[in-house]
Amino acid sequence: MRPTTYLPVLLALLAPSLRLNGTARAEESKARPNIVFILADDLGINDLGCYGRKDHDTPRLDRLARQGLRFTSAYAEPVCSPSRAALLTGKAPARLHLTTFLPGRPDTPAQKLLHPRIELQLPLKEKTVARLLKEAGYTTACLGKWHLGGTGFGPDKYGFDVVHAGQANTPPSETEGGKGEYDLTHHALQFLDSNKGRPFFLYLAHNNPHIPLGAKLELVKKYRDAFNPTYAAMVNTLDICVGQVLDKLDELRLADRTLLVFASDNGGLHVLESPDSPATHNTPFRAGKGFLYEGGLRVPWIVRWPGHVPAGQTSDAPVSMTDWTPTLLDACGVKPSEKLDGVSLVPLLEGGKLPTRSLFWHFPHYTNQGGRPAGVVRDSDWKLIEHYEDGYIELIHLARDVGETRNLAQAEPKWAAELKARLRAWRKEVGAQENTPNPQFDAALHKQLYEDLDASKLKPAATAAAMRPELEAWRKAMNAVLPTKRDP
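These figures come from a predicted structure and were not determined experimentally.

Q: Help me out: how do you make sense of the overall build of the protein in this one?
A: Counting secondary structure elements, the protein contains 14 helices and 16 strands. The C-alpha atoms of the protein give 24 Å as radius of gyration, which agrees with the globular expectation for 488 residues (23 Å, within 12%). Along the three orthogonal principal directions, the C-alpha set of the protein runs to about 100 × 55 × 55 Å. With 488 residues in all, the protein has 57% of them scored as buried. Long-range pairs, those at least 24 residues apart, make up 70% of the contacts in the protein with a sequence separation of at least 6. One way to put it: in the protein the 60 positive side-chain charges average out to a point 4 Å from where the 56 negative ones average out.

Right, here's the structure in full:
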C-alpha cells in the first residue's frame with residue numbers, strides 16, 4: 001500500500017482528538033473574561049448614590065453596584081500618576097520612584113524638605129498588565145487620560161494596541177460634556193463593536209470630574225441645590241457615559257463574559273484649587289486629594305463579574321491599586337512575569353478571604369492641595385502616619401475614629417513603635433526615595449501655608465460657594481510661592 005493511502009485512515013483516527021482540542025480551545029477562549037476597567041479622575045469616596053451621596057444622581061453606577069461587589073475600604077494613592085502606575089504594574093509607586101503627579105509640584109521656599117527627583121515617566125522596562133494580556137492574545141485599548149509620560153512614553157509603548165487620548169477639557173454642548181466624556185465613550189463603543197469576537201482589555205480613563213469643572217448648563221441648573229452644582233452635573237454625566245458602555249455590553253451579549261471595574265484614582269478635591277472648587281467633600285473622612293488621610297486615599301470601587309462575583313455584596317477588606325494587575329492576570333489565567341507588590345483579589349471576589357497583610361504608602365511630596373511629605377501603614381484597623389518634616393507620628397484606630405481626630409500614639413506606644421518600625425523596614429525594602437533639607441526654607445511662609453490653615457482639618461460648609469471666601473487668600477499664597485516661568 002502506498003504511503004498516501006494511510007492518510008484517510010490517520011485523519012479518521014485523529015478526528016475525535018482534533019475536535020476535542022478545538023472544543024477545548026473554544027471553551028478556554030470563552031472562559032477567559034473580557035476586561036473593562038473604567039477609571040474616574042478625582043472622584044471622591046462618597047460621590048456616588050450607592051455610597052450614600054444624596055445630592056448626586058448616579059442611577060447606572062448604583063445599579064452596577066447592585067449587580068456586583070462594592071468596596072468600602074478600597075485605597076488609591078493621594079494623587080493620580082502613582083495610582084495609575086500602581087494599577088497598571090502591580091508595583092508600589094515607591095518601588096517605581098514615581099510617587100507624585102507628573103511632573104510634580106515645584107520646590108518652593110515654604111517647604112522644610114525638598115522633593116526627591118522622581119521618574120518623570122513609567123519606565124519602559126515595566127511589564128504592564130496590558131502588555132502581559134496582549135502577549136496572552138488579548139486586544140488592548142487605552143482611551144483617555146494616561147499621565148504616565150509624554151512623547152515617547154505613551155500607552156502604545158506599554159502594550160496598548162488602540163490609543164485615543166481625547167481632550168481633557170471640552171466646551172459643553174448638546175453632544176459633549178465638559179471633559180470629553182462622550183468622545184471617549186464613542187471610541188469605547190467602537191472598540192467593543194470591533195472586538196466582540198475576541199478577548200479584549202479596555203482601559204477607559206475619564207478626565208471627569210477633575211478641575212476645571214464643566215458640564216452642560218441644563219444639568220448644572222438641575223443640580224443647583226447640590227454642594228457644588230457643576231460637580232454634581234459632571235458626576236451625572238459620568239454616570240450617563242458609563243451607562244452607555246454597560247448598554248453596549250448588553251447589546252453585544254458580552255456582559256456575562258466581562259469582568260468590569262469602576263474606580264477612582266484618588267480622593268475627591270476638598271479645597272479651593274480652581275475658581276469653581278472645592279469640588280466635593282469626603283464626609284465623614286478627613287481631608288481629600290493630596291493627603292494621606294482617608295479622604296485622600298479611600299475611593300469607590302465597584303466590580304461586576306457574572307458567575308464569579310455574587311450580586312449585591314459589599315466588602316470592607318482593605319485593598320489597594322497594586323492589587324489590580326495580579327487580579328486581572330489571575331482572572332484571565334495569565335501569570336505575572338515577576339513578583340508584584342499587590343495580590344490577586346479573585347478569591348475575595350468569589351466570596352473568599354484574603355491573607356492578612358499590611359498596606360503601605362510613601363509620599364515624600366508637598367501638594368497643590370496643602371499636603372505634606374508623609375508615609376502610612378495600615379494594619380487591620382490600625383493606621384500610622386509618619387510625617388517626614390519632623391518625625392511626628394499619628395496612630396489612628398479607624399474602626400473607632402474614621403474621621404482621624406484622635407491620635408493614640410502616646411496611649412498605645414507599643415502599637416506605634418511596631419508600626420513605625422514596619423513602615424521604615426518596608427521603605428528600605430522597596431528602595432524608597434528620601435527627602436533632603438531645603439537650604440532655602442522660609443519658616444514664615446511655611447507657617448502661612450501649612451500651619452495657620454491646615455487644609456487637612458478643613459470642614460465643609462453647606463455649599464462649595466460658601467467656602468471660597470475664607471480660602472481665597474490661602475490659595476493665592478499657595479500659588480504665589482511657585483516659581484515663575486522665565487522667558488527663553
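Q: Sorry if this is basic, but what is going on with the layout of surface pockets here?
A: In this structure, the largest pocket spans a volume of roughly 740 Å³. Lining the largest pocket are 46 residues; nearest its centre among them are Arg286, Tyr293, Asp454, Ser456 and Lys457. The set of elements that each furnish at least two residues to the lining of the largest pocket consists of β14 (382-387) and α13 (443-451). Sort the elements by how many residues they give to the lining of the largest pocket and α13 lands first, with four residues. Split by residue class, the lining of the largest pocket holds 20 nonpolar, 14 polar and twelve charged.

Q: How do you make sense of the sheet that holds strand β5 (residues 139-144) when you look at a structure like this?
A: The strands making up a sheet associate through backbone hydrogen bonding, with each pair oriented either parallel or antiparallel. In spatial order, the strands read β6-β5-β7-β1-β8-β9-β2-β10; together these eight strands make up an open sheet with mixed pairing. Lying at the two open borders of the sheet, with one neighbouring strand each, are β6 (162-164) and β10 (313-315). On average, each strand axis in the sheet is inclined to that of its neighbour by 10°, with strand direction left out of account. Sheet topology places strand β1 (residues 34-40) next to strand β7 (residues 200-205); five bridges connect them, and they run parallel. Pairing of phenylalanine 37 across the sheet is with tyrosine 203, part of β7.

Q: Is there a simple way to think about the pairing of strand β15 (residues 393-397) in this case?
A: Two faces, one strand: in a regular strand the side chains alternate between the faces of the sheet. In terms of burial, β15 is largely enclosed, as five of its five residues are buried. Burial along β15 is two-sided: the residues Ile393, Leu395 and His397 and Glu394 and Ile396 are all buried.

Q: Hey, could you run me through the pattern of salt bridges in this one?
A: Note on pairing: side chains with opposite charge can pair once their charged atoms come close. For the coordinates displayed, the defined rule picks out 28 salt bridges. One salt bridge in this structure joins aspartate 247 and arginine 60, with 3.1 Å as the shortest N-O distance. With aspartate 247 in helix α8 (residues 229-251) and arginine 60 in helix α2 (residues 59-67), this residue pair connects regions lying 187 residues apart in the sequence. By relative accessible area, aspartate 247 is classed as partly exposed at 39%. A salt bridge links aspartate 341 to arginine 95; the nearest nitrogen and oxygen atoms lie 2.8 Å apart. Taken together, the residues aspartate 341 in the loop between α10 (324-331) and α11 (346-349) and arginine 95 in helix α4 (residues 93-96) connect sequence positions 246 residues apart. For arginine 95, a relative accessible area of 30% gives the class partly exposed. Shared partners join several salt bridges into a network, and the residues in it are Asp41, Arg84, Lys145 and Asp265.

Q: What is the right way to look at unusual backbone geometry in this model?
A: Among all residues save glycine, negative phi is the norm, and among peptide bonds the norm is trans. The residue after isoleucine 211, namely proline 212, is reached through a cis peptide bond having omega -5°. At the junction of threonine 283 and proline 284, the peptide bond is cis and its omega measures out at 10° in the coordinates. In this structure, proline 284 sits in the loop between β8 (258-264) and α9 (294-297). You will see that histidine 97, though not glycine, has its phi angle at about 60°, which is positive. Secondary-structure assignment places histidine 97 in the loop between α4 and β4 (113-114). The backbone of serine 380 sits at a positive phi, close to 55°, despite the residue not being glycine. With respect to the element layout, serine 380 can be found in the loop between β13 (374-379) and β14.

Q: In this structure, what is going on with the packing of aromatic side chains? I would like to understand it.
A: Where two aromatic rings form a pair, the distance of their centres and the angle of their planes describe that pair. Per the counting criterion, the structure on display carries 13 aromatic pairs. Between tryptophan 301 and tryptophan 324, the aromatic rings sit 4.9 Å apart at their centres with planes inclined by 45°, giving tilted as the arrangement. Linking tryptophan 301 in strand β9 (residues 301-304) with tryptophan 324 in helix α10, this pair joins segments that are 23 residues apart in sequence. Since its relative accessible area comes to 0%, tryptophan 301 is described here as buried. Judged by centre distance (5.4 Å) and plane angle (25°), the ring pair of tryptophan 382 and tryptophan 415 falls under stacked. Taken as a pair, tryptophan 382 in strand β14 and tryptophan 415 in helix α12 (residues 413-430) lie far apart in primary sequence, 33 residues in all. Residue tryptophan 382 is classed as buried on the basis of its relative accessible area, which comes to 9%. Residue class for tryptophan 415 comes out partly exposed when judged on its relative accessible area of 27%.

Definitions and cut-offs
Positions within a chain are numbered from 1, following the residues in the order the chain's sequence is written. Given that this is a predicted model, residues contribute local features only at a pLDDT of at least 70 and side-chain atom pairs are listed and counted only at 80 or more, while totals for whole chains, interfaces and linings are drawn from all residues. Heavy atoms from the whole structure form the basis of all side-chain values; hydrogens and water molecules are not counted. A run of H or I in DSSP counts as a helix once it spans at least four residues, and a run of E counts as a strand once it spans at least two, with each numbered from the N terminus. We take the radius of gyration over the C-alpha atoms and set the globule estimate at 2.2 Å times the residue count to the 0.38 power. Note on exposure labels: buried denotes an accessible area under 20% of the residue type's maximum, exposed denotes more than 50%, and partly exposed covers the range between, all computed with a 1.4 Å probe on protein chains only. Contacts: residue pairs with any heavy atoms within 4.5 Å of one another. The charge count treats Lys and Arg as positive and Asp and Glu as negative. His and the chain ends do not count. Charge positions are represented by NZ for Lys, CZ for Arg, CG for Asp and CD for Glu. Every definition here rests on a 1 Å grid over the protein atoms only: cavities are sets of points where a 1.4 Å probe fits but cannot get out, pockets are open sets enclosed by protein on both sides within 12 Å along at least five of seven lines, and lining residues have some atom within 4 Å of a point. Grid points are joined across faces, edges and corners, and a volume is the space filled by probe spheres set on the points. Polar here means any residue outside two lists: the nonpolar Ala, Val, Leu, Ile, Met, Phe, Trp, Tyr, Cys and Pro, and the charged Asp, Glu, Lys and Arg; Gly therefore counts as polar. At least two DSSP bridges between two strands are needed for those strands to be called paired. Axis definition: a line fitted to C-alpha atoms, limited for helices to the stretch in contact. Angles are taken between N-to-C directions and run from 0 to 180 degrees. For salt bridges, the criterion is a side-chain nitrogen of Lys or Arg within 4 Å of an Asp or Glu carboxyl oxygen. Two rings belonging to Phe, Tyr or Trp (six-membered ring only in the last case) form a pair when the distance between their centres is within 6.5 Å. Interplanar angles under 30 degrees mark stacking, angles over 60 mark edge-to-face geometry, and anything in between is tilted.

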